[in-house]
Amino acid sequence: MLRFISLPNKFQFRQVRSIASKALERPHSHAFYDDKITIFASKPVQPVTLKQLVRFGQPPLSNESLQACTHYARTELPVRLARRVRAFQSLPFIVGTNPYIKEIYSLYYDSFESLVKYAQPNSPGNDIEFTEKLKDFVERHSDNIPTLARGFLECKQYMNSQDMARFLDDMIQARIGIRLIAEQAIALMHQKDLKTGGYIGIIDTQIEPNQLIKQCADFVGELCEFNYGESPEVLIDGHIDTKFTYVPVHLEYILTELLKNSYRATVEHHKKMGRTTPLPPIQITISQGIEDISIRIRDQGNGISDHDLSKVFEYSYTTVSKAAEDAENDPSNIFRNITEMAMQSGVGGPLAGLGFGLPLARMYARYFGGSLTLVSMWGFGCDVFLKLRHIDDSMAEGLEI
């Protein structure tokens, strides 16, 4: 889950260290084709419905339910990881040799090797040991989207855009499912014998979008204030007492990404026009329907031109300057550039100038049957409409992960 923190020295140096390490690390070499990989990749995926995932942790949480959840994770994750390894092996050779892409390939390969021994009927280790392995797995994969984005940005001349989009769609869609399965098993093991306050694993049955919007706005506003010296006010109206069932980390990522775009556009347009009046506010409206909730984010950041509007959901398309390169080439300006990159950060690290923010946000919105639509009034601002389905019994029954 995203953390809403200030910007002490630890933040800057952790970001710098993370960015630097991605460029310097080199993955271990592996046999390109592996019998175990081939065997597991050929097995069919066994989808689990969201309702089953919820049922694993339905209070009171029994040992049988907990064991069923971890058993599913033990047997299913190696299959899905093996399929991702095979997908990497299917890339054009020159793309697969890119150091960033090769790093993520090795990460998936190593993760498969780490977890596959728990997939056998009489596999060693108890569920607690397996859960610790899952925690390490989730942590190690936290930065793989930014790394993958950099790799494909360097290799886009070697793949046509349709093939690249297809690979990334499948990769990110699979990643969401893999993390849901792993994080649900981790969370349920942690929640055993505890009062969860409406949580069933990683699913919050009483999530309040109004409060989550405020948290995300505080986080983005702090980054904006540091980077630009000012930040717009956020006004929230509509059905502000709405509660619904959803995965908070998904909603948190979507909201943070959309707010960063609105904050940045509002401040930069205001400065570009040379205005001395207060920044116009960002207006957020919450609407609760029978089957879904809608969130509209409205800014006055000049909007997006028709030429750019058709490309905003394409991978690697961005209007952001290459802040990462500036940070590397101008050490005296590194703190400002790190903060600027944080204004464009995504799941698991900075995505500045990599063009993955909006495509990822839309994919997270669509994963549970929602949608993300952007309407631009060029010369004035943007309205972004986020629609999210209630994850209730009627919907969860047919939704497979």
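See above for the structure.
A brief look at the structure comes next. (Residues numbered from 1 in each chain as written. Predicted model: local features only at pLDDT ≥ 70, side-chain atom pairs only at ≥ 80, totals over all residues. Heavy atoms only, no water.)

## Description of the overall build of the protein chain
Then, in step 1: Along the backbone of the protein chain there are 16 helices and 10 strands.
Then, in step 2: Considering only contacts in the protein chain between residues 6 or more positions apart, those separated by 24 or more positions represent 79%.
Then, in step 3: Surface accessibility of the protein chain: about 18800 Å² in total, with carbon and sulfur atoms responsible for 51%. (Helix = DSSP H or I, 4+ residues; strand = E, 2+ residues; numbered from the N terminus. Contact = heavy atoms within 4.5 Å. Areas by Shrake-Rupley, 256 points an atom, 1.4 Å probe, with all protein chains shown as cover.)

## As for the pairing of strand β9 (residues 371-377)
Then, in step 1: A one-sided burial pattern is seen for β9, the buried positions being Leu372, Leu374 and Ser376 and the unburied ones Ser371, Thr373, Val375 and Met377.
Then, in step 2: Examined bridge by bridge, β9 and strand β10 (residues 381-389) share seven bridges and lie antiparallel to one another. Paired with Val375 across the strands is Asp383, a residue of β10.
Then, in step 3: The antiparallel hairpin formed by β9 and β10 contains three residues in its connecting segment, where Gly379 sits at a positive phi of about 100 degrees. (Buried < 20%, exposed > 50% of the residue type's maximum accessible area, 1.4 Å probe, protein only. Pairing = 2+ DSSP bridges.)

## Looking at the side chain of Asn210
Then, in step 1: Structurally, the position occupied by Asn210 is in helix α10 (residues 209-228).
Then, in step 2: Residues in contact with Asn210, not counting those within four places in the same chain, are Ile236, Ile240 and Ile286.

## Concerning the sheet that holds strand β2 (residues 203-207)
Then, in step 1: What the three strands build is an open sheet, ordered β1-β2-β4; its pairing is antiparallel. The strands lining the two open edges of the sheet, one partner per strand, are β1 (199-200) and β4 (244-246).
Then, in step 2: Pairing analysis gives two bridges linking β1 to β2, with the strands arranged antiparallel. If you follow Tyr199 over to β2, its bridge partner there is Asp204.

## A closer look at the sheet that holds strand β5 (residues 282-288)
Then, in step 1: The five strands lie next to each other as β3-β5-β6-β10-β9, forming an open sheet whose pairing is mixed. Two strands in the sheet have a free side with no partner beyond their single neighbour: β3 (234-238) and β9. Pairs of neighbouring strands in the sheet enclose a mean axial angle of 15 degrees, with direction left out of account.
Then, in step 2: Pairing of strand β6 (residues 292-298) with β10, which is carried by seven bridges, proceeds in the antiparallel orientation. Of the residues in β10, the one forming a bridge with Asp292 is Arg389. (Axes fitted to C-alpha atoms, helices over the stretch in contact; angles between N-to-C directions.)

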